[in-house]
Amino acid sequence: MISIYHKKEDCIEEANPCYIRFVTGGSASDFGDWKTPSHLLSADIERAGTDLALKRGADDILVFTDHAQIKLDANGRAANRDGNGILVDCTEVFTKITAGSYAGDYQNSSGRIMRLPVTTGFCREVDIATGNLLERYRCDIINDTEIRVWIIEYHNYLIRQFLQFDVSYTEIANTYQNESGMTIQYPIRQGKRKIALKLETNQNGLEHLKTFFQQPELLLFYQSPTDAAEQYGRFRKTADIQIQTVSRNHSFDNHPFLYQLEVYGTNTTYFWSLPEVPAYQQKYSDSSGIYEFSVSLEEV
């Protein structure tokens, strides 16, 4: 059973909770776009010892430890099973611009522009229309004319506070007739999984849940009340999302997300309650209300 290291202000709580876990993509300075990166949806998944590896061909594109965390290298970047930083599907090479108004900046093949500030190891995207600096991205200097940019930063979330978490299995029955004309059924006992969820959230959490579960296809990792180990699969909604308002007022400390956050300057990470992360507090200030969020899913 997975042990989740939940970092609180004054202690580290080790727990074995029921949860749903998902990964979003984004920059280093945001909290993701609340959608599953498309290349993860098409990845092969395999258990490798106590780790869980997402692969494309022979390459690891994301690895999870037995504590449900994204495995990191010494620089805080997603690492493969050997502990080396992953480059596949999450990085691009940008080449220095030698002429024009953006000379000295770096541009990729699709026209995006990055600027190297004073801070080592990071760059900032430039809005071509206005010249304003946008999100921050991790980067490495390759040589005098090229940098490698982590255009996708993986963000690892746990959802908790379930009021309902039911997993069921459909049985596919094949019907045959024998030589005597009698009908015989051969049920396949391990058919598609169905998940019925209901959980409590505040307004911020509600917006994130709606964005994530409105995707056509979801990659989920989960541990339900009947599971002894983390499960995974690709799912889609089978009915409209249902939202019930219990209260619009006050803050009830009921944000349903935990967020993997590294200890600065190390590759050690814990799951923090998302509202406790200072950068999240600055970006999302409204944490009021009690809402009940319900959705039904079926395995693809």
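What you are looking at is a predicted structure, and each value in this text was computed from that prediction instead of being measured.

Reading guide: rules and limits
Residues numbered from 1 in each chain as written. Predicted model: local features only at pLDDT ≥ 70, side-chain atom pairs only at ≥ 80, totals over all residues. Heavy atoms only, no water. Buried < 20%, exposed > 50% of the residue type's maximum accessible area, 1.4 Å probe, protein only. Helix = DSSP H or I, 4+ residues; strand = E, 2+ residues; numbered from the N terminus. Pairing = 2+ DSSP bridges. Polar contact = N/O pair within 3.5 Å; in protein donor to acceptor, adjacent residues only side chain to side chain. Contact = heavy atoms within 4.5 Å. Salt bridge = Lys/Arg side-chain N within 4 Å of Asp/Glu carboxyl O. Core = buried A, V, L, I, M, F, W, Y, C linked by side-chain atoms within 4.5 Å.

A. Molecular detail of the pairing of strand E5 (residues 51-56). Taken across its six residues, E5 has five buried, putting it largely inside the fold. Where strand E4 (residues 44-48) and E5 come together, five bridges link them in antiparallel fashion. The residue of E5 that forms the bridge with Ala 48 is Asp 51. Counting the residues in the hairpin turn of E4 and E5 gives two residues, including Gly 49, whose phi is positive at 65 degrees. Examined bridge by bridge, E5 and strand E6 (residues 59-64) share five bridges and lie antiparallel to one another. In the strand pairing of E6, Leu 54 is matched with Leu 62.

B. Looking closely at the sheet that holds strand E7 (residues 91-96). Strands sit in the order E7-E8-E9-E10-E11-E12 around a closed barrel of six strands; the barrel is antiparallel. Across three bridges, the pairing between strand E11 (residues 133-141) and strand E12 (residues 146-150) is antiparallel. Across the sheet, Asp 140 pairs through a bridge with Arg 148, a residue of E12.

C. Seen up close, helix H2 (residues 203-213). Within H2, burial applies to Asn 204, Gly 205, Leu 206, His 208, Leu 209, Phe 212 and Phe 213. Its side-chain oxygen at 3.4 Å from the backbone nitrogen of Asn 204, Asn 202 defines the N-terminal cap of H2.

D. Spatial organisation of the environment of Ser 294. Structurally, the position occupied by Ser 294 is in strand E23 (residues 290-299). Separated by 51 residues in sequence, Ser 294 and Ile 243 place their C-alpha atoms 6.4 Å apart. Excluding residues that lie within four positions of it along the chain, Ser 294 makes contacts with Leu 197, Lys 198, Ile 241 and Gln 242.

E. A look at the pattern of salt bridges. Applying the stated criterion to the full structure yields 14 salt bridges. Two residues, Asp 105 and Arg 115, come together in a salt bridge whose shortest N-O distance is 3.0 Å. On the criterion of sequence distance, the pair formed by Asp 105 in the loop between E7 and strand E8 (106-107) and Arg 115 in strand E9 (residues 113-115) is long-range, its members being 10 residues apart. On the basis of relative accessible area, Arg 115 is assigned to the partly exposed category, the value being 29%. Through salt bridges that share partners, Glu 46, Lys 55, Asp 60 and Arg 81 make up one connected network.

F. Layout of the nonpolar core. Membership of the largest hydrophobic core comes to 29 residues, with the highest contact counts inside it found for Leu 40, Leu 54, Leu 62, Phe 64, Val 149 and Tyr 154. Excluding anything up to four places from it in sequence, Leu 54 contacts Leu 40, Ala 43, Asp 44, Ile 45, Asp 59, Asp 60, Ile 61, Leu 62, Phe 64, Leu 219 and Phe 221. Within the second largest apolar cluster, 28 residues are counted, among which are Phe 22, Ile 159, Phe 165 and Tyr 259.

Everything listed is a geometric property; what it means functionally is a separate question.
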